[in-house]
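# Structural overview for review
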Amino acid sequence: MGHFFTLVRHEVRLLFIAPPTYVASVLFVLLMGFIYWAILRSMTLMPQDTSSVSQFFSLFWLPVFFTVPLLTMRSIAEEKNQATLQTLFSAPIPKYAIVLSKFFAAYLLYLILWALTLYFPIITYNLLPDNLSNASLVDSSAILGSLLFIFLSGILFIAIGIFTSSLTRSQLVAGMLCFTFLFIICIGGQQLEYATYNYFAQGSFFFESIQYVNVIRHFEDFSLGILDTRPFVFYLSISVLLLSLTVNLIDSET
Amino acid sequence: MDENSSISVSDLSKSYGKVSAIKNASFQINKGEIVGLLGPNGAGKSTTMRILGGLLSADSGSATVCGLPVADNSLAIKRKIGFMQENNPLPEELRVMEYLKLRAELKEVDPQKISNEVRRVMDLCDLFRTARRKIIRTLSKGFKQRVGIADALIGSPEIIILDEPTIGLDPHQIQGIRKLINSLRGHYTVLISSHILSEIERNCDRVIIINHGRVVAMGTLHELSEEFINENYLKLQVSGKIEHLIDHLKTAGEEYEIEEEANAENEAYTILIKSTNALEIAHYTKMIDQISHCQLKGINIKQPDLEAIFLAATKRSWEEVRTKS
């Protein structure tokens, strides 16, 4: 365990001295700030069915597409490129500790970035103290449900990033692969559901299976406060699978 | 296994697909020895070292490090070995001190002793004064090699493995690394690989020559020269009427070679006499004294160097391979 924490500290330090981390952070905060402002603006123009927070977090996939690749593309690809993985292997460290440390360091940063978005409703709440509807700005159940989903799905997204980074020596290729995988995971399920809606009866195995892999639907459930164990199994099992594959891939490097 | 042995390898084999990297390699390295693993590029030196370092598994055979079988104890082995890999890959963005502290933590040095340990290895490798705060990317190749060696020394492992520690260095840097390796003598068991013969010759107590994955020779320089060099050499430096000496040598049926002609800078000829029998200096001194207009300027027995031994050993292994095929 000692190795693991040492490696996590090292990986976090590496992330903080890597330019892509700052690019990802700045782009993330700017984009999310703009989205939140646009949602508030649209709410002033016409009444909305859902709270600003639910609308805000429903666009979770948008920053994921660039933040996750930027945070993870370097992790293993760069080590492979510089051959520094070999140096790490020469120390008495289990290989899974190397992969997990890279995963947790990137996940930690991912969580920090999302935690920063909590400032948006808080700032708005404080700036509009007399607004009668300001309670909806900090709708705690929607915030908690959405954040729980983001933290859970983040495990899979970061695992995808770490896995794709282990497939190549090029950061650029790793980033592009990660983007492609994330696009398929985030948008693929929803598009598949749309495309096959008329072909499978509701409640049938295929209909249920397609709904099971629809990440957008998972978010909708979480933001409404519906907690189901199936998404937990979905995200955690695929993440474990991808991280195990990553351990095997770096093992084959020796 | 011998109690005095640090590394023991028996019938070790490793293939990469159809290419055989090591074939039935067997050798032993004793505690405190500095041993050179010598061979041409692609001979299997790095593969052997990586197996000993617990980085690679062998296909067959056994390797024991400090009494522990490598195949079953790769993590325990890594605690006993300091390994500097070929090309010495280092994280370029870290400072020297940061990197060595990280390595000390990963090598399980007592947290309270990490600062002292890092200071010790930096002093040993002459890094503390000049390079401790420098970013690794900005270091010269020589200093990077020193960082790699300092890393290998952290935690005082029993065995140090250095894979091509002097590759790509200029003569000044090579001299620095050589001094550093010599300072390890007696404190650690050191295994160095190189294809630079002079480095191995100067640094090592014993040499293992490996060619095409096979150990073709091992021993001290003296033992190897006895095994592989059947001829004795005598070097004569003579001025004057050299033709008279040549006539004498021809008459006596001696095998000789004029290595260097006389010139404006050096009026003496250098003649190399070869013989399978023992060559006595007194005999040749007397012979030249008796030749008129011929003066002896220098005479010495030429010791066979590692280059000659290496060429003879690898040539023999080539011939064996050719005979078998």
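So, on to the domain arrangement of chain B. The domain architecture assigned to chain B consists of domain 1 (5–227) and domain 2 (231–302). Placing the centre of domain 1 of chain B and that of domain 2 of chain B at their C-alpha centroids yields a distance of 44 Å.

Here we come to helix H6 (residues 141–153) of chain B. Residues and elements named next belong to chain B. For H6, with 13 residues, the first-to-last C-alpha span of 18 Å sits near the 18 Å given by 1.5 Å per residue. Of all 13 residues making up H6, eleven are buried, and the element is well covered by its neighbours. On its buried side, H6 packs onto strand E6 (81–84), helix H3 (96–106), helix H4 (114–124), helix H5 (128–131), strand E7 (159–163) and helix H7 (171–183). At the exit of H6 stands Gly 155, carrying a positive phi of roughly 85°.

As a further point, take the packing of helix H1 (residues 2–16) of chain A against helix H7 (residues 95–116) of chain A. Residue and element names in this part refer to chain A. It is the contact of H1 with H7, at a shortest axis distance of 8 Å, that shows an interaxial angle of 50°. Taken together, the axes of H1 and H7 lie oblique to each other. As H1 runs across H7, the sense of the crossing is right-handed. Contacts from His 3, Phe 4, Leu 7, Val 8, Glu 11, Val 12 and Leu 15 of H1 reach H7 at Ala 97, Ile 98, Leu 100, Ser 101, Lys 102, Phe 104, Ala 105, Ala 106, Leu 108 and Leu 109. In the contact of H1 with H7, the residues fall into 13 nonpolar, two polar and two charged.

A few words now on the sheet that holds strand E4 (residues 60–65) of chain B. All names here are of chain B. Pairing in this open sheet of four strands is antiparallel, and the strands run E2-E1-E4-E5 from one edge to the other. For this open sheet the edge positions go to strand E2 (19–30) and strand E5 (68–69), each flanked by a neighbour on one side alone. With eight bridges joining them, strand E1 (residues 5–16) and E2 adopt antiparallel strand pairing. Among the inter-strand pairings, Ser 5 is bridged to a residue of E2, identified as Asn 30.

What follows covers the sheet that holds strand E12 (residues 255–260) of chain B. Residues and elements named next belong to chain B. Across the sheet, which stays open at both edges, the four strands sit in the order E12-E13-E11-E14 with antiparallel pairing between neighbours. At either end of the open sheet lies a strand with only one pairing partner, and these are E12 and strand E14 (294–302). Taken over all neighbouring pairs, the strand axes of this sheet differ in orientation by 25° on average, direction set aside. Here strand E11 (residues 232–240) pairs with strand E13 (residues 269–275) via seven bridges, running antiparallel. Bridge pairing in E13 places Leu 234 opposite Ile 273. On top of the sheet, helix H11 (residues 281–290) reaches E11 and E14; it is set at about 165° to E14, its chief contact.

Reading guide: rules and limits
Residues numbered from 1 in each chain as written. Chains lettered and ligands numbered in written order. Predicted model: local features only at pLDDT ≥ 70, side-chain atom pairs only at ≥ 80, totals over all residues. Domains from an automatic or database assignment. Helix = DSSP H or I, 4+ residues; strand = E, 2+ residues; numbered from the N terminus. Expected span 1.5 Å × (residues − 1). Buried ≥ 20, exposed ≤ 12 C-beta atoms within 10 Å, placed from the backbone. Contact = placed C-beta atoms within 7 Å. Axes fitted to C-alpha atoms, helices over the stretch in contact; angles between N-to-C directions. Parallel < 35°, antiparallel > 145°, perpendicular 65-115°, else oblique. Left-handed = near helix turned anticlockwise from the far one by under 90°. Nonpolar A, V, L, I, M, F, W, Y, C, P; charged D, E, K, R; others polar. Pairing = 2+ DSSP bridges.

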